Each structure stands twice: as structure tokens, then as C-alpha cells.
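If you want the building blocks of each chain, they are given just below.
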Amino acid sequence: MDPMTLTVTTGSPLVKRGLAEMLKGGVIMDVVTPDQARIAEDAGAVAVMALERVPADIRAQGGVARMSDPDLIAEIIEAVSIPVMAKARIGHFVEAQVLQHLKVDYIDESEVLSPADYAHHIDKHAFTVPFVCGATNLGEALRRIAEGAAMIRSKGEAGTGDVSEATKHIRTIRHEIAVLKATYASSPDELYVAAKELQAPYDLVREVAESGTLPVVLFTAGGVATPADAALMMQLGADGVFVGSGIFKSGDPTRRAAAIVKATALFSDPAAIAEASRGLGEAMVGISVADLPAPHRLAERGW
Amino acid sequence: MNPTPVTSGVGAVASDALGFTKVADLIRGRSGGRPQRRAALPGQGDGVELPGGRGSPTVGVLALQGGVQEHVRLLQELGARTVLVRVPADLEGADGPRVDALVLPGGESSTIDRLLRSFGTFEPLRRAIADGVPTLGTCAGLVLLAREVLDAAPGQRSLGVLDVAVRRNAFGPQLDSAEVDLATTLGPARVAFIRAPRVEAAGPQVEVLARRGQGIVAVRQGAVTGVAFHPELTGEPLFHRRLLATRRG
């Protein structure tokens, strides 16, 4: 074989999932300017999410939230050397086409933006760029993976600074995986009905039941505001965390960002988490999810 | 060469997170007993004799961030014990060195560098490798090993134990990430390039193990091997077997 002749395969599931594997143990930070992106990179973020408004502002200002201006995304890609992600509306495959054209490293098909389609998500197999999608439970995660998602993030309730929904969603996903695994061990014939109840493809349900894990990386998101919040998510079994409004809506974003990165890396070491938590100034004020009327809960978007 | 179960296996390791318990088990050297769904690798279960002859070597896998579990699994399949390295005590205890070899995994090199320095692990790790502990760095691991990092993130440092200059993200953004069949001096290898670096200059002591096009993508200098790609994502055991067979420099 001519040593210069190479078989090169881009956009395969392994390549798409592979980048997510390299983000594990890391923190992905929402940024709205190139300066914020540089602060995130300096603090040790593994990637940044480029957007025009953080979820807390989307929530406060209301209106329709859409894909960010391509100029902003291009400036942020230019500003940093770490991977850059950007959000498309649920079902808005043309926003996704634009983001792929802009050469973002990952697309987040996100409930934080206003949905463009109340029935269908994007066919993510049709793209070379990988996608991350939100999920509140295992069935939702598996539907997204069936559509081609290469990474899942539990949704939490974005823009609140209240970690309770993130806790609920990661616990739910982990619990449902454990139940499937137990079902597979005792009565594998019950997986057919389990797939029906999860509203997810049988083959994926069986794969999860056999392996006891999702077939892609699972991050968590929504309401993480402190180093201890991030470590909580990691101890609950997340592979990494997204921090949205929690950093740049706090008193000292530079220090808080670095502290959350450290606590995520040494998530099982209370001394290290305590050290990281010292003297960070004000956390984002936030709003309690319990005070949010149902129509304002972003996690309920996605089907 | 690349059986399909490998693809589904990738995430399986990733999200095998009874997280914390699992990590503790690994630190204590117990296998988590996770079901193996992947086709058997050539040489699976080979016991690799240490130069000193005391059985399976213990490989320290740097575990501050990145694709750690894929390396752990591959090393265990090849018969090695693994420990996770985060803080200086993981490298060296009162009873002496705790690792016979090291793996620096892929991940975000600028993040791993910052964490190494903030946890005080940078210098002990540099010293261990400079003192001759056989080491394999993949992707970000290659960047960490390098003497010079071109287009480094602001303030980013590297260990300087491999006489090469590397460029980060030299093959382009994620859209250009790819699975590649590569000819190496160790044999053919199916590997994944993920936002991969490339060696742009190599010192006289550095042996080139593989090129992609004209670009150098795998090198060795003494007991230190650096590759720009991910053999662990495709389950390619070539470089890990070589690591386990490498004597202390």
C-alpha cells in the first residue's frame, strides 16, 4: 500500500462522539463577547458556548430567542483556541446549516432558544458537525441520540441559578438506566415494553440496558452557579458541566470560572472544593424554579 | 480493522459513571467489572513483564480532564494495572514511585496545563518523565510533552520533555476531525484525529513514527512517545503495547 494513500473519514459517529469524550471532566461556559471567551479560556474552560444573551437575560427580556449573529460567532472563534459551540433552535435545521458553515465545533440544539418546530427535532445525521441536545429523562436522551446527537446534556432549568432541576434530571436519567439494567438482568423480554414506554428505539434501549450507560457522553446543565454545584453534578455521575449565566452574572467571573473548573476536576475532594469556594464574591442572584410559572420553564421544550 | 462495536463502545466508557465510586475503585486498582462489549483485541490479556520481573506494570493515567477511561480500558485489556494521577501524591508516595509508566490522555491541553499547575502536579510530572518513566502522550498529551507549543493559549505552558514544536488544532476545526488509516513504523494503525495537533519541528534525537501527508503526527524520543491522534478511541493497541514494553530510560 502506498503509505501516502490514506482513508480519511470525517463526520462519523466515532469522530462526532470523540470530541465530546475529550471534553469530559471539563466545564463549558456560556460567553456573549470575545472578551468573555478569553476569560473563560484563561480560567480553564474546555469549550465555550457563543451566544448573544445568556439564559438569564433571555428569561428576563423575553421575546423570541434565535441563533446568534454570525459576526459574533466568528469573532469568538477567532478569539480563542478551545472549541466553540453555538446554539440553534429546536428543529431549525437551517440555523444548523449556517452554524456548520461558520465552522463551529459543536451545535447545541437548545431549548434555551425559542423552538422552531413543535414536532420535529433536527435530523442530526445529516450534518458533519456534531450536536449536543438537552434531555430531562432517558427516553428523551435516546430519542435525541436516535436523531444523531453525539452528546447529551441534562437540561436543568437554564438561567435560574437554581440547581434543583439539574439534580432532578441527572438523577432521573441515571435511575432510568439502572432500572433498564436490572430489567435486562432479570427479564430481558421486558425490554420491548420498556422501549415502548420510553418512546425510544428498541436497539438503543437494549444497548443501554446491556452496558448500563448512555452510548454518548452525558454532561449536565441548568442552574449551576458555584464550585459545589459543579462537584455535585459530577458526583451524581455527570461527565462534565455546562455553566451558563452562573459565571458572567456573578460578582467576580474570572475567579468563579477558575474555581468551578478546579472543583469539577477534583469533584470528590471536599478539601479542594472548599479551597476553590473561598472568597468568590457574589454568586448570581437567581430565581427559584418553584416560583417560575410553568409556561416559563424552558426544560419543558423538546419532544 | 475497526469493528463497529468500537463506535458504540466509546460512550460506554465515558458515561460509566457511578462516577465517584468507580474512580475510587480504579485508584485502589480494582476493576469496576463493567461488561466488555467490544471485540477482543489482538494480544488481549497478554501479561507484560516488567524489566524487574514483578508482573503487570502499573500505568499512571493523568486524569485531570479528558478522555481518561478509554486509555484505562485499553491498558487493562493489555494486562496492565492502572492508577489515576491528579495530585503529586498519586505519582510518588513515601514508599517511592507509584507508577511504572505514564499516559497523558487527550482533552483540552490548555485546561490540563492550568490544572496541573494549580494542583502542584506540573513539576513532579515533568521530573518523573525527565527521569525516564516511559510515557505515551496522545493529542493534548503530545502538546503537554512538547518543548514548544505554537499558537498556545495565553499563558499556556508545556512540560518540555520531548524535543518538538507542535501546532495545536493544526488540521482545522471539528469539521476536519477524522478517522484515518495510518502507516506507522510500528505497523498500520486505524486512529482518530480530533482537532488534532501536528509536529512542525523535531530535534535530532527525535524519531518519526508516522506522518499524515507531509505532516509529522507520531514521534519518539527515548522512553517518551507522542502521537497527535487517538489510538484509544478506535481501540488501536499498537502504541500502548509499545509503552508497556518500553524500559525505563
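Going by the structure above, here's the rest.
Below you will find a few notes about this structure. The residue count restarts for each chain, going from 1 along the sequence in the order it is written. Just so you know, chain letters begin at A and ligand numbers begin at 1, following the order they were written in. For this predicted model, a pLDDT threshold of at least 70 governs which residues receive local features, and a threshold of 80 or more governs which side-chain atom pairs are given and counted, while totals over whole chains, interfaces and linings are taken from all residues. As a convention, hydrogens and water are excluded, and side-chain values are obtained from all of the structure's heavy atoms.

**Some thoughts on the packing of helix H7 (residues 164-186) of chain A against helix H9 (residues 202-211) of chain A**
Residue and element names in this part refer to chain A.
Here's step 1: For the pair H7 and H9, interaxial distance at closest approach is 7 Å and the crossing angle is 85°. By the angle between their directions, the pair H7 and H9 is classed as roughly perpendicular. Counting all contacts with H7, which are made through Ile177, Leu180, Lys181 and Tyr184, the residues of H9 involved are Val205, Arg206, Val208, Ala209 and Glu210.
Here's step 2: Each residue gets one of three labels, nonpolar for Ala, Val, Leu, Ile, Met, Phe, Trp, Tyr, Cys and Pro, charged for Asp, Glu, Lys and Arg, and polar for the others, Gly among them. Grouping the constituent residues of the contact of H7 with H9 by class yields 6 nonpolar, no polar and 3 charged. Orientation is described by lines fitted to C-alpha atoms, with helices fitted over the stretch in contact, and by angles between N-to-C directions that extend from 0 to 180 degrees. The numbering of helices and of strands both runs from the N terminus, where a helix is a DSSP run of H or I of at least 4 residues and a strand a run of E of at least 2. What sets the label is the angle itself: under 35 degrees gives roughly parallel, over 145 gives roughly antiparallel, 65 to 115 gives roughly perpendicular, and the rest give oblique. The contact rule is simple, with two residues in contact once any of their heavy atoms fall within 4.5 Å.

**Quick look at the pairing of strand E5 (residues 101-104) of chain B**
Residue and element names in this part refer to chain B.
Here's step 1: Both faces of E5 are covered, namely the face carrying Ala101 and Val103 and the face carrying Leu102 and Leu104.
Here's step 2: Pairs of strands are assigned from DSSP output, requiring at least two bridges between the strands. Two elements, strand E1 (residues 58-62) and E5, share 3 bridges in a ladder whose sense is parallel. Note that in E5 the partner of valine 59 across the bridge is alanine 101. The buried label goes to any residue with under 20% of its type's maximum accessible area, the exposed label to any with over 50%, and the partly exposed label to all in between, with areas taken from a 1.4 Å probe on protein chains only.

**A look at the side chain of Glu232(B)**
Here's step 1: Examined against the element boundaries, Glu232(B) turns out to sit in helix H8 (residues 231-234).
Here's step 2: Among the polar contacts made by the side chain of Glu232(B), one reaches the side chain of His230(B) at a distance of 2.8 Å. Within 3.5 Å is the distance limit for a polar contact, defined as a pair of N or O atoms, with the added protein rule that one can donate a hydrogen and the other accept it, and that residues adjacent in sequence qualify only through two side-chain atoms.

**Remarks on the environment of Ala47(A)**
Residue and element names in this part refer to chain A.
Here's step 1: Secondary-structure assignment places alanine 47 in strand E3 (residues 47-50).
Here's step 2: Exposure remark for alanine 47: the relative accessible area of 0% places this residue in the buried category.
Here's step 3: Sequence separation between alanine 47 and valine 285 is 238 residues; the distance between their C-alpha atoms is 25 Å.
Here's step 4: Beyond its immediate chain neighbours, meaning those up to four positions away, alanine 47 contacts Leu23, Val27, Ile28, Met29, Ile82 and Pro83.

**With respect to unusual backbone geometry**
Here's step 1: Unusually for a residue other than glycine, Lys103(A) sits at a positive phi of about 65°.
Here's step 2: Relative to the assigned elements, Lys103(A) resides in the loop between helix H5 (93-101) and strand E5 (106-110).
Here's step 3: With a phi close to 45°, Asn169(B) is a non-glycine residue in the positive phi region.
Here's step 4: Its place among the elements puts Asn169(B) in the loop between strand E8 (162-167) and strand E9 (178-184).

**Some details on a nonpolar patch on the surface**
Here's step 1: Grouping into patches uses exposed residues only, defined as over 30% relative accessible area, and leaves out salt-bridged ones; the cut-off is 9 Å for like charges and 5 Å for nonpolar side chains (Val, Leu, Ile, Met, Phe, Trp, Tyr). In this description, accessible areas are obtained by the Shrake-Rupley approach with a 1.4 Å probe, and a residue is regarded as covered only by the protein chains that are shown. Salt bridges are defined as contacts in which a side-chain nitrogen from Lys or Arg sits within 4 Å of a carboxyl oxygen from Asp or Glu. Residues Phe93(A), Val94(A) and Val98(A) make up a contiguous nonpolar surface patch of roughly 230 Å² in combined accessible area.
Here's step 2: With respect to the secondary-structure elements, Phe93(A) resides in helix H5.

**Section: H7(A)**
Here's step 1: For H7(A), spanning 23 residues, the distance from its first C-alpha to its last is 33 Å, which sits close to the expected 33 Å at 1.5 Å a residue.
Here's step 2: Within H7(A) the residues assigned to the buried category are Glu165(A), Ala166(A), Thr167(A), His169(A), Ile170(A), Ile173(A), Arg174(A), Ile177(A), Leu180(A) and Thr183(A). Here, expected helix span is obtained from the residue count minus one, scaled by 1.5 Å.

**Some thoughts on the pairing of strand E4 (residues 84-89) of chain A**
All names here are of chain A.
Here's step 1: Among the 6 residues of E4, 6 are classified as buried, and the element is accordingly described as predominantly covered.
Here's step 2: One ladder, built from 3 bridges, connects E3 with E4; its direction is parallel. Within E4, the position partnered with valine 48 by the bridge is valine 84.
Here's step 3: By the bridge criterion, 5 bridges tie E4 to E5 in an arrangement that is parallel. Bridge pairing links alanine 88 to glutamate 109 in E5.

**A look at the packing of aromatic side chains**
All names here are of chain A.
Here's step 1: Note on ring pairs: Phe, Tyr and Trp rings are taken, using the six-membered ring of Trp, and paired if centres are within 6.5 Å. Classes follow the plane angle, with under 30 degrees stacked, over 60 edge-to-face and the rest tilted. Taken as a whole and assessed by the stated rule, the structure comprises 7 aromatic pairs over all chains.
Here's step 2: Consider the rings of tyrosine 192 and tyrosine 202, whose centres lie 4.5 Å apart with planes at 10°: the pair is stacked. With tyrosine 192 in helix H8 (residues 191-198) and tyrosine 202 in helix H9, this residue pair connects regions lying 10 residues apart in the sequence.
Here's step 3: Overall, tyrosine 192 belongs to the exposed group, its relative accessible area being 52%.

**Focus on the pattern of salt bridges**
Here's step 1: Enumeration over the complete set of coordinates arrives at 29 salt bridges over all chains.
Here's step 2: Where Arg147(B) meets Glu148(B), a salt bridge forms, and the shortest distance between an N and an O atom there is 3.6 Å.
Here's step 3: We classify Arg147(B) as partly exposed; its relative accessible area is 42%.
Here's step 4: The network of salt bridges with shared partners includes Lys87(A), Asp108(A), Glu111(A) and Arg153(A).

**Examining the interface of chain B and chain A**
Interfaces are frequently sized by the accessible area removed from exposure as the parts join.
Here's step 1: With 58 residues of chain B in contact, the opposing surface of chain A contributes 55 residues.
Here's step 2: For the pair chain B and chain A, the number of links is 3 salt bridges.
Here's step 3: The salt bridge involving Lys24(A) is made with Glu70(B); its shortest N-O contact spans 3.0 Å.
Here's step 4: Scanning the region where chain B abuts chain A turns up 17 residue pairs in polar contact (both at pLDDT 80 or more).
Here's step 5: Elements that contribute at least two residues to the side of chain B that touches chain A include exactly helix H1 (5-14), helix H2 (19-27), helix H3 (68-77), helix H5 (109-118), E9, strand E10 (187-193) and H8 of chain B.
Here's step 6: Looking at the side of chain B that touches chain A element by element, the count peaks at 7 residues for H1(B).
Here's step 7: Of the residues contributing to the side of chain B that touches chain A, the split by class is 24 nonpolar, 20 polar and 14 charged.
Here's step 8: Pairing of strand E1 (residues 8-10) of chain A with E9(B) involves 3 bridges; the strand directions are antiparallel. Across the sheet, Thr9(A) pairs through a bridge with Glu179(B), a residue of E9(B).

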